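Residue-level structure breakdown
Single-letter residue listing:
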Amino acid sequence: MTTMKMTETEAMQTSAAASPPVVLPTTVATTTIKSKKLTLIPLIFLIYFEVAGGPYGEEPAVKAAGPLYALLGFLIFPFIWSVPEALITAELSTAFPGDGGFVIWADRAFGSFFGSLMGSWKFLSGVINIAAFPVLCIDYLKKVIHPLESGWPRSLAIMVSTCILSFLNFTGLTIVGYVAVLLGLVSLSPFIIMSLAAIPKIKPHRWFSSGQKGLKKDWNLFFNTLFWNLNFWDNVSTLAGEVDRPQKTFPVALLVAVIFTCVAYLIPLFAVIGAVNVDQSQWDSGFHATAAEMIAGKWLKIWLEVGAVLSAIGLFEAQLSSSAYQILGMADLGFLPKFFGLRSKKFNTPWVGILVSTLITLGVSYMDFESIVASANFLYSLGMLLEFAAFIWLRMKKPQLKRPYRVPMKLPGLVIMCLIPSGFLVVIMVVATKIVYLVSGLMTLGAIGWYFFMKFLKAKNVIKFNDGGENEEG
């Protein structure tokens, strides 16, 4: 549904299936203003916030399956999900270093129809996920400011916080990157202190508990918790055109971010499981704050809750950046009208992309969107299956394509690497509810209709589009 442009050629063919593969240009900036590029450290923290933002939200894995399975899940799952996704992102982002990321990959592999469909799936899932973060901030603040619990004060607070956070994005990706560094360090610091304070209280035998007797394991909750805490590595691909020396910077940033993210999840989980003995049913989202109070006192609980708000802000900023630059990239590639690629004259940021993403986010924020979020996740899964297919197809059909970073495997190994997470995606989609199938189907039909509507407007020259590139066999 959605939470990285190329030289100019002529793009959308009359028939996606019949069109020869596009030689994609590096996305051309829509303004001559020079802007600072993202460097390694800010990029690492932006990736971190695209994916995690801290150990907040890992607790339900313990509730669902017990301490041992939770620890094993966060130890093993990165190798079957996060690492393959990060490796694919590193290879394709350096091969096609433009704002548009996975949209470029699908277009390059299968043509404009699938590029547009990928863009719709990933964009919608992204902005719906973004909507959760201002709501999360208000949910924490309402514990201190009680009028924010309901009614117009809550609605106004969500709107104001969303607008303020979006304005920060408008001021520039470099600023957002360094803000992400600061937010990451501050939001992780209480977990470091809690983990150190827990050391004298740790009883290692608790790590090997398979769960309380009589409690049925909730594998659906368990796998969904792992999935959404270790997902979205490819979102940063839509920022590739804004990164300094992306061919060298991207692989290093992704490697460091994968290690950093996994360690940030595991150390607090080992510390709290080993130091705290509570009923397994108490391991809901937010339990780490309760554990912090038990281990070190109320002051650390408050600090950790403040860190949760800062983490939500970092998640919002990183994912809004990806969505906004995806719109910019799709406009530069000719999937959207040229207007969607406009940049701010002062900050050189994609102000139309930010505005569109923010407006959709605001609309979703006021809905009871549990089923819609589940549908967004379903469409994201479809997008990931298409992404894996595009990666394998490009390796098969474009072996001579210049790849500054290349996943060090031959084709059979790559197929196996992609099949394992693909199997997991299929399982998640099979257990979806009927309402999720319905909403996801309607959204996909809307995405298909949008593609043909854009194609009609382009053919009739009703609105100006950029030329996305005339394909050549390569």
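Parameters at a glance
Residues numbered from 1 in each chain as written. Predicted model: local features only at pLDDT ≥ 70, side-chain atom pairs only at ≥ 80, totals over all residues. Heavy atoms only, no water. Helix = DSSP H or I, 4+ residues; strand = E, 2+ residues; numbered from the N terminus. Buried < 20%, exposed > 50% of the residue type's maximum accessible area, 1.4 Å probe, protein only. Areas by Shrake-Rupley, 256 points an atom, 1.4 Å probe, with all protein chains shown as cover. Contact = heavy atoms within 4.5 Å. Salt bridge = Lys/Arg side-chain N within 4 Å of Asp/Glu carboxyl O. Patch = residues over 30% accessible without salt bridge, like charges linked within 9 Å, V, L, I, M, F, W, Y side chains within 5 Å. pLDDT = per-residue confidence, 0-100. Expected span 1.5 Å × (residues − 1). Axes fitted to C-alpha atoms, helices over the stretch in contact; angles between N-to-C directions. Parallel < 35°, antiparallel > 145°, perpendicular 65-115°, else oblique. Left-handed = near helix turned anticlockwise from the far one by under 90°. Nonpolar A, V, L, I, M, F, W, Y, C, P; charged D, E, K, R; others polar. Phe/Tyr/Trp six-rings, centres within 6.5 Å; stacked < 30°, edge-to-face > 60°. Lys NZ or Arg CZ within 6 Å of the ring centre and 35° of its normal. Polar contact = N/O pair within 3.5 Å; in protein donor to acceptor, adjacent residues only side chain to side chain.

Quick look at the overall build of the protein
A count of helices and strands for the protein gives 16 helices and zero strands. Every one of the 474 residues in the protein was classed for burial, and the buried ones make up 58%. Surface summary for the protein: the accessible area is close to 19700 Å², and the carbon and sulfur share equals 70%.

Overview of the environment of T174
Looking at the secondary structure, you find T174 in helix 8 (residues 173–198). By relative accessible area, which is 18% here, T174 ends up buried. With 68 residues separating them along the chain, T174 and E242 place their C-alpha atoms 9.1 Å apart. For T174, the contacting residues outside a window of four places in its chain are K36, K37 and L38.

Here we look at the pattern of salt bridges
Oppositely charged side chains may form a pair once their charged atoms are brought near each other. Scanning the entire structure with this criterion turns up nine salt bridges. In this structure, the salt-bridge partner of R343 is D99, at a minimum N-O distance of 3.6 Å. Here the residue R343 occupies a position in the loop between helix 12 (298–332) and helix 13 (351–365), and D99 occupies one in the loop between helix 3 (67–95) and helix 4 (102–110), the gap between them amounting to 244 residues. Residue R343 shares its accessibility class with D99, and that shared class is buried. Its salt-bridge partner being D244, residue R245 comes within 4.0 Å of it at the nearest N-O pair. We classify R245 as exposed; its relative accessible area is 52%. When salt bridges with common partners are traced through the structure, they connect E91, R395 and R403 into a single cluster.

What to know about the environment of L445
Looking at where L445 falls in the secondary structure, it is placed in helix 16 (residues 434–459). With relative accessibility at 58%, the residue L445 sits in the exposed group. Through-space distance from the C-alpha of L445 to that of L117 is 9.8 Å; in sequence the pair is 328 residues apart.

Brief notes about a nonpolar patch on the surface
There is a patch of nonpolar side chains on the surface, built from Y69, L72, L75, I76, F79, I80, W219, F223, I416 and I420 and spanning about 920 Å² of accessible area. Going through the elements one at a time, helix 3, helix 9 (219–229) and helix 15 (411–430) are the ones with two or more residues in the nonpolar patch. Broken down by element, the nonpolar patch gets its largest block of residues, six residues, from helix 3. Residue position: F223 is located in helix 9.

Some words on unusual backbone geometry
Its identity as a non-glycine residue notwithstanding, R245 has a phi of 45°, on the positive side. The topology assignment puts R245 in the loop between helix 9 and helix 10 (246–275). A positive phi angle, close to 60°, is found at N461, a residue other than glycine. Secondary-structure assignment places N461 in the segment after helix 16.

Concerning the confidence of the model for the protein
Interpretation of this model should avoid reading the predicted coordinates in detail wherever pLDDT is low. Chain-level pLDDT for the protein is 87 on average; 90% of the residues reach the 70-or-more range. Across the protein, element-level confidence peaks in helix 4 with a mean pLDDT of 96 and bottoms out in helix 6 (residues 132–141) with 79. Confidence drops under a pLDDT of 50 for residues 1–32, and excluding neighbours within four residues, the segment shows 148 contacts in the predicted structure.

Section: helix 16
For helix 16, with 26 residues, the first-to-last C-alpha span of 38 Å sits near the 38 Å given by 1.5 Å per residue. For helix 16, the full list of buried residues reads V436, V439, S440, T444, A447, Y451, M454, K455 and L457. Downstream of helix 16 by one or two residues, N461 has phi in the positive range, about 60°.

Some points on the packing of helix 3 against helix 9
The contact between helix 3 and helix 9 brings their axes to 10 Å, and the two run at 50°. Taken together, the axes of helix 3 and helix 9 are oblique relative to one another. Like other packed secondary-structure pairs, helix 3 and helix 9 cross with a definite hand, here right-handed. Between helix 3, through Y69, A70, G73, F74, F77 and W81, and helix 9, the contact on the second element is made entirely by W219, F222, L226, F227 and N229. Among the residues forming the contact of helix 3 with helix 9, the class breakdown is nine nonpolar, two polar and no charged.

Let's talk about the packing of aromatic side chains
Counted by the stated rule, this structure contains 35 aromatic pairs. For the ring pair W299 and W303, a centre distance of 6.4 Å and an interplane angle of 40° mean the geometry is tilted. Taken together, the residues span about one helical turn, with W299 and W303 both in helix 12 at a distance of four residues. Taking the relative accessible area as the measure of exposure, W299 reaches 47% and is therefore partly exposed. Aromatic ring contacts, followed pair by pair, group Y69, F77, W81, W219, F222, F223, F227, W228, F232, Y380, F388 and F424 into a single cluster. The lysine or arginine in question, K122, covers the ring of F102, its NZ or CZ lying 4.3 Å from the ring centre.

Digging into helix 6
Within an α-helix, residues lying three or four positions from one another point in the same direction, as the helix has 3.6 residues per turn. For helix 6, the set of buried residues is F133, P134, V135, C137, I138 and Y140. Check the buried side of helix 6 and you find it contacts helix 5 (112–130), helix 7 (151–170), helix 12 and helix 13.

So, the packing of helix 5 against helix 16
Helix 16 packs onto helix 5 with a crossing angle of 130° between their chain directions and a minimal axis gap of 9 Å. Viewed along their axes, helix 5 and helix 16 adopt a mutual orientation that is oblique. Classified by chirality, the crossing of helix 16 by helix 5 is right-handed. In this structure, helix 5 uses S112, F113, S116, L117, S120, W121 and I128 to contact helix 16, whose residues at the interface are M443, T444, A447, I448, Y451 and F452. When the residues that make up the contact of helix 5 with helix 16 are grouped by side-chain class, the tally is nine nonpolar, four polar and no charged.

Description of the side chain of S161
Structurally, S161 is set in helix 7. Of the polar contacts made by the side chain of S161, one reaches the backbone oxygen of A157; its length is 2.9 Å.

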